[in-house]
Amino acid sequence: MSKIAVVTGATSGIGRATAVALAKQGYRIIATGRRKERLEELQQELEDTTTVLPLLFDVRNKEAVQFAFASLPEEWQQIDVLINNAGNAHGLSPIQDGALEDWDAMLDINVKGLLYVSHAIIPFMQEQGKGHIINVGSVAGKEVYANGNVYCASKHAVDALSKAMRIDLIQTGIKVSEVNPGAVETEFSEVRFKGDKERAAAVYQGYQPLTADDIADLIAFIVTRPPHVNLAEVLILPAAQASATVMNKNL
Ligand code: NDP
Ligand code: 8X3
């Protein structure tokens, strides 16, 4: 039987590209997200490559997360890899102007959602005595930048949780890695700026950002290392980016 990877946030951007990359590595894919038609489209695109099981839930809803994984058909329970990718930024404002609903969204999705999904999947990996969890953090989990406040805090939490998971799971045979991208052109900025496509496009102008495929390649590399190797943490930036906010737009 081929290996199984769960990819959260597989309807767009990094998650979708990762699902495709892991399918090409021979994995069966459990693809999650809230947009049903996008999951079905991914399933169709991959029908000649692998089997895709779409699971529709909001990672904020812990009962829905628990139910989705508790009701997995038996042939989908031997989960080898979990890509904790679902997440977004909501807003970009000074802390004094922040919207409470944006703060709730970022902390509930990026932090608590990652925890709920991990809590549901770790028992399957423990049962097998092996597994690999890859958390998608960010350069924003390594640095704080102006107006990034709560998004940066959520990604610093992902950084802390990745380290904590690696320590707590060391006796179980489950590897934990963290991938921290800089600027990747996806729907990320459209979500951050609440559908303002022009403002979102401006984030990626004047330099060559990373693509979702660049991150998917890295994730596929990490999961295909030999069992005794763990790429624990990788910061991946566009060549034109030196830190969260320092860019060379003349490259
Ligand atoms: P996209 O907006 O393209 O994709 C976000 C994905 O997360 C979608 O599939 C979306 O699915 C899913 N998602 C968001 N909210 C929820 C929710 N409440 N429940 C379930 N799924 C949800 O952005 P990216 O691909 O860029 O982002 C993926 C990850 O990469 C995020 O964790 C982000 O913080 C991180 N990242 C992105 C960077 C960038 O520059 N783009 C840089 C560094 C890190 P759906 O809407 O269907 O639910
Ligand atoms: C996404 C990259 O710089 O917008 O995590 O925070 S950034």
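This structure is a prediction, so every number in the text was calculated from the model and none was measured.

Asker: Account for the overall build of the chain, naming residues and giving values.
Answerer: A count of helices and strands for the chain gives eight helices and seven strands. For 251 residues, the compact-globule estimate of 2.2 N^0.38 gives 18 Å, and the C-alpha radius of gyration of the chain, at 17 Å, lies within 12% of that figure. Along the first, second and third principal axes, the C-alpha set of the chain runs to 50 × 35 × 35 Å. Put simply, the chain has 251 residues, and 43% of those count as buried. When contacts within the chain are restricted to residue pairs at least 6 apart in sequence, long-range pairs at least 24 apart make up 70% of them.

Asker: Please provide a residue-by-residue account of the pairing of strand β6 (residues 174–181), values included.
Answerer: Burial analysis of β6 places eight of its eight residues in the buried class, the great majority of the element. Residues of β6 alternate between two faces, with I174, V176, E178 and N180 on one and K175, S177, V179 and P181 on the opposite face, all of them buried. Inspection of the sheet shows β6 paired to strand β7 (residues 233–236) by four bridges, in the parallel sense. Across the sheet, N180 pairs through a bridge with L235, a residue of β7.

Asker: Could you give me a rundown of the site of ligand 1, with the residues and numbers involved?
Answerer: Neighbouring ligand 1 are 28 residues, the closest being G9, G13, G33, R34 and G87. Looking at the shell around ligand 1, the elements with two or more residues in it are α1 (13–24) and α6 (188–192). Ranked by the residues each element gives to the shell around ligand 1, the list is headed by α1, at three residues. Partitioning the shell around ligand 1 into residue classes produces 11 nonpolar, 11 polar and six charged.

Asker: Describe the sheet that holds β6, and please don't skip the residues or the numbers.
Answerer: Sheet strands line up and pair through hydrogen bonds in the backbone, either parallel or antiparallel. The strand order across the open sheet formed by seven strands is β3-β2-β1-β4-β5-β6-β7, and the pairing between neighbours is parallel. If you trace the sheet from one side to the other, it starts and ends with β3 (52–56) and β7, each paired once. If you compare each strand with its neighbour and ignore which way they point, the axes differ by 15° on average. Direction of pairing for strand β2 (residues 28–33) relative to β3: parallel, over a ladder of five bridges. The partner of G33 across the bridge, within β3, is L56. The strands that helix α4 (residues 100–128) touches are β1 (4–7), β4 (79–84), β5 (131–136) and β6; relative to β4, the one it contacts most, it runs at about 165°.

Asker: Explain the nonpolar core residue by residue, including any values.
Answerer: Counting 65 residues, the largest nonpolar core has A5, A19, I29, A31, I215, A216 and I219 as its most contacted members. Excluding anything up to four places from it in sequence, I215 contacts I14, A17, V179, P181, V184, L210 and I236.

Asker: Report on the environment of L161, specifying residues and quantitative values.
Answerer: Position of L161 relative to the elements: it lies in helix α5 (residues 149–168). A tally of 21 C-beta atoms within 10 Å means that L161 is categorised as buried. The spatial distance from the C-alpha of L161 to the C-alpha of N135 is 8.9 Å, given a sequence separation of 26 residues.

Asker: Explain the confidence of the model for the chain residue by residue, including any values.
Answerer: Here the chain averages 98 in pLDDT, while 100% of its residues score no lower than 70. Overall fold confidence (pTM) sits at 0.99, and the ipTM for the predicted complex is 0.99.

Asker: Which residues make up the pairing of β1, and what values go with them?
Answerer: Working note: regular strand, side chains alternate between the two faces of the sheet. Of the two faces of β1, the one carrying I4 and V6 and the one carrying A5 and V7 are both buried. Here β1 pairs with β2 via four bridges, running parallel. Bridge assignment links A5 to a residue of β2, and that residue is I29. After leaving β1, the chain enters α1 and then returns to the sheet as β2, a path that is right-handed. Relative to β4, β1 runs parallel, the two sharing four bridges. Directly across from A5, in β4, lies its bridge partner V81.

Quick notes on the rules
Residues numbered from 1 in each chain as written. Chains lettered and ligands numbered in written order. Predicted model: local features only at pLDDT ≥ 70, side-chain atom pairs only at ≥ 80, totals over all residues. Helix = DSSP H or I, 4+ residues; strand = E, 2+ residues; numbered from the N terminus. Rg over C-alpha atoms; globule rule 2.2 N^0.38 Å. Buried ≥ 20, exposed ≤ 12 C-beta atoms within 10 Å, placed from the backbone. Contact = placed C-beta atoms within 7 Å. Pairing = 2+ DSSP bridges. Near = placed C-beta within 6 Å. Nonpolar A, V, L, I, M, F, W, Y, C, P; charged D, E, K, R; others polar. Axes fitted to C-alpha atoms, helices over the stretch in contact; angles between N-to-C directions. Core = buried A, V, L, I, M, F, W, Y, C linked by C-beta atoms within 7 Å. pLDDT = per-residue confidence, 0-100. Right-handed = clockwise from strand over helix to strand, strands pointing away.

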